[in-house]
Amino acid sequence: MGPSQDMVTVRRLRRGIGVVGIAMPFVLTLGHALFAGRLTLLESISGAYHTGMRDVFVGSMCAIGVFLICYRYRPLDDVLSSVGGALAVAVALLPTASGARDDPVSATDILVGRVHQVSAAALFLLLAGFCLFLFTRTDPAVVPVTPEKLLRNRVYRVCGVIIVVAVALAPASTLLPATVQEAVKPVFWCETVAVLAFGVAWLVKGEAIIRDGSGRGADPS
């Protein structure tokens, strides 16, 4: 017997989160290059808000937010995913301060930018928690522990650790000399690595890759 309609919906939501997460850094970078007329990296993924890719950034974050809010699995997952969805929408609608040095920045802009940064960090850490603690749950009494499940758990843990390290390195990288930050764009790379890691984890959880042999039945992840 195939999976229930509810399980199919959950899988699709997981895959949707993964696809949007993985695609976002590439789409924003290429789109920004088209607007700028040359390939140039953003200061950060959130910095896309102040470019011609604003609508794509806001739409992508809102899509992730809606997917997370609609995600329903176990009670704890439901609560945390709803919190994560609200944080994703906050990241989308409360922009980071403009990185342009000649742009005037008001006290309100600074406050909104700080709320944005806190929301983004909390969202990343929450998604890391999904990878490290929720996705790795195993109950042999309910679902057999397959070799694929053990492999998925390793992927989840690696992705979770990568997210935590990237979130820690992003603010630390702002201590680098201005010339290095301008040349390397470390915050952009930290955010990109974190986004790709959570995207991969959610694709795996959605059984897009590393599926059990049958690929059917109850959620084996």
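For clarity, every value in this text was computed on a predicted model and none was experimentally measured. (Residues numbered from 1 in each chain as written. Predicted model: local features only at pLDDT ≥ 70, side-chain atom pairs only at ≥ 80, totals over all residues. Heavy atoms only, no water.)

Visitor: Got a minute to help me understand unusual backbone geometry in this structure?
Guide: Both trends apply: most residues other than glycine have a negative phi, and most peptide bonds are in trans. Unusually for a residue other than glycine, Lys 185 sits at a positive phi of about 55°. Mapped onto the elements of the fold, Lys 185 is located in the loop between helix H6 (178-184) and helix H7 (186-205). Taking relative accessible area as the criterion, Lys 185 reaches 8% and is therefore assigned buried. A positive phi angle, close to 55°, is found at Ile 210, a residue other than glycine. Locating Ile 210 in the fold gives a position in the segment after H7. (Helix = DSSP H or I, 4+ residues; strand = E, 2+ residues; numbered from the N terminus. Buried < 20%, exposed > 50% of the residue type's maximum accessible area, 1.4 Å probe, protein only.)

Visitor: Explain a nonpolar patch on the surface to me, please; I cannot follow it from the model alone.
Guide: Among the surface-exposed residues, Leu 93, Leu 94, Leu 111 and Val 115 lie close enough to one another that they form a single nonpolar patch of about 330 Å² accessible area. Checked against the element boundaries, Leu 93 lands in helix H3 (residues 75-93). (Patch = residues over 30% accessible without salt bridge, like charges linked within 9 Å, V, L, I, M, F, W, Y side chains within 5 Å. Areas by Shrake-Rupley, 256 points an atom, 1.4 Å probe, with all protein chains shown as cover. Salt bridge = Lys/Arg side-chain N within 4 Å of Asp/Glu carboxyl O.)

Visitor: Any chance you could explain the packing of aromatic side chains here in plain terms?
Guide: The geometry of an aromatic ring pair comes down to the distance between the two centres and the angle between the two planes. Applying the stated rule across the entire model yields six aromatic pairs. Put simply, the rings of Tyr 71, Phe 130, Phe 135, Tyr 156 and Trp 202 touch in pairs and so form one group of aromatic residues. Between the NZ or CZ atom of Arg 14 and the centre of the ring of Tyr 73, over which it lies, the distance is 4.7 Å. If you follow Arg 54 out to its NZ or CZ, it ends over the ring of Tyr 49, 4.5 Å from the centre. (Phe/Tyr/Trp six-rings, centres within 6.5 Å; stacked < 30°, edge-to-face > 60°. Lys NZ or Arg CZ within 6 Å of the ring centre and 35° of its normal.)

Visitor: What's the story with the packing of helix H1 (residues 5-36) against helix H2 (residues 54-70) in this structure? I'm lost.
Guide: In a packed pair of helices, the relevant descriptors are the angle between the two axes and the axis-to-axis distance. Between H1 and H2, the shortest axis-to-axis distance is 9 Å and the interhelical angle comes to 165°. Compared by their axis directions, H1 and H2 come out roughly antiparallel. When you trace H1 past H2, the crossing you get is left-handed. Residues Leu 13, Gly 16, Ile 17, Val 20, Gly 21, Met 24, Val 27 and Leu 28 of H1 form the contact with H2, whose participating residues are Val 56, Phe 57, Ser 60, Met 61, Ile 64, Phe 67, Leu 68 and Cys 70. Among the residues forming the contact of H1 with H2, the class breakdown is 13 nonpolar, three polar and no charged. (Axes fitted to C-alpha atoms, helices over the stretch in contact; angles between N-to-C directions. Parallel < 35°, antiparallel > 145°, perpendicular 65-115°, else oblique. Left-handed = near helix turned anticlockwise from the far one by under 90°. Contact = heavy atoms within 4.5 Å. Nonpolar A, V, L, I, M, F, W, Y, C, P; charged D, E, K, R; others polar.)

Visitor: How should the nonpolar core be read in this particular structure?
Guide: The tendency in soluble globular proteins is for nonpolar side chains to be buried as a group. If you look at the biggest cluster of nonpolar residues, it comprises 46 residues, and the most contacted ones within it are Leu 28, Phe 57, Met 61, Ile 64, Ile 163, Phe 198 and Trp 202. Mapped onto this core, the elements with two or more residues apiece are H1, H2, H3, helix H4 (107-134), helix H5 (147-173) and H7. Excluding its chain neighbours within four sequence positions, the residues that come into contact with Trp 202 are Arg 14, Arg 15, Ile 17, Gly 18, Leu 68, Tyr 71, Leu 127, Phe 130 and Phe 135. (Core = buried A, V, L, I, M, F, W, Y, C linked by side-chain atoms within 4.5 Å.)

Visitor: I'm lost on the packing of H5 against H7 in this one. Help?
Guide: Put simply, H5 and H7 touch, their axes get as near as 8 Å, and they point 160° apart. The pairing of H5 with H7 is recorded here as roughly antiparallel in orientation. As H5 packs across H7, the resulting crossing turns out to be left-handed. Mapping the contact onto sequence places Arg 152, Val 155, Tyr 156, Cys 159, Ile 162, Ile 163, Ala 166, Leu 169, Ala 170 and Ser 173 in H5 and Pro 186, Val 187, Cys 190, Val 193, Ala 194, Ala 197, Phe 198, Val 200, Ala 201, Val 204 and Lys 205 in H7.

Visitor: How should H7 be read in this particular structure?
Guide: Here H7 is 20 residues long and its end C-alpha atoms lie 29 Å apart, about the 28 Å a rise of 1.5 Å per residue gives. Across the 20 residues of H7, 16 count as buried, placing the element largely inside the fold. Once H7 finishes, Glu 207 follows within two positions and takes phi at roughly 60°, a positive value. (Expected span 1.5 Å × (residues − 1).)

Visitor: It is not clear to me how the pattern of salt bridges should be interpreted in this structure. Could you clarify?
Guide: Any two side chains of opposite charge can pair, given that their charged atoms come close. Summed over the entire model, instances satisfying the criterion amount to four salt bridges. Here Asp 77 makes a salt bridge to Arg 137, at a shortest N to O gap of 2.8 Å. On the criterion of sequence distance, the pair formed by Asp 77 in helix H3 and Arg 137 in the loop between H4 and H5 is long-range, its members being 60 residues apart. A residue is classified by how much of its surface remains accessible, and Asp 77, at 1% relative accessible area, is buried. Ionic pairing is found between Asp 212 and Arg 152, a salt bridge with its closest N-O pair at 3.5 Å. Of this pair, Asp 212 sits in the segment after H7 while Arg 152 sits in helix H5, and the two are 60 residues apart along the sequence.

Visitor: How should the side chain of Asp 78 be read in this particular structure?
Guide: With respect to the helices and strands, the residue Asp 78 is situated in helix H3. The side chain of Asp 78 sits in the buried core without any salt bridge; Arg 72 is the nearest counter-charge, 4.4 Å away. Among the polar contacts made by the side chain of Asp 78, one reaches the main-chain amide nitrogen of Tyr 73 at a distance of 2.7 Å. Not counting chain neighbours up to four residues away, the residues in contact with Asp 78 comprise Tyr 71, Arg 72 and Tyr 73. (Lys, Arg positive; Asp, Glu negative; His and termini not counted. Polar contact = N/O pair within 3.5 Å; in protein donor to acceptor, adjacent residues only side chain to side chain.)

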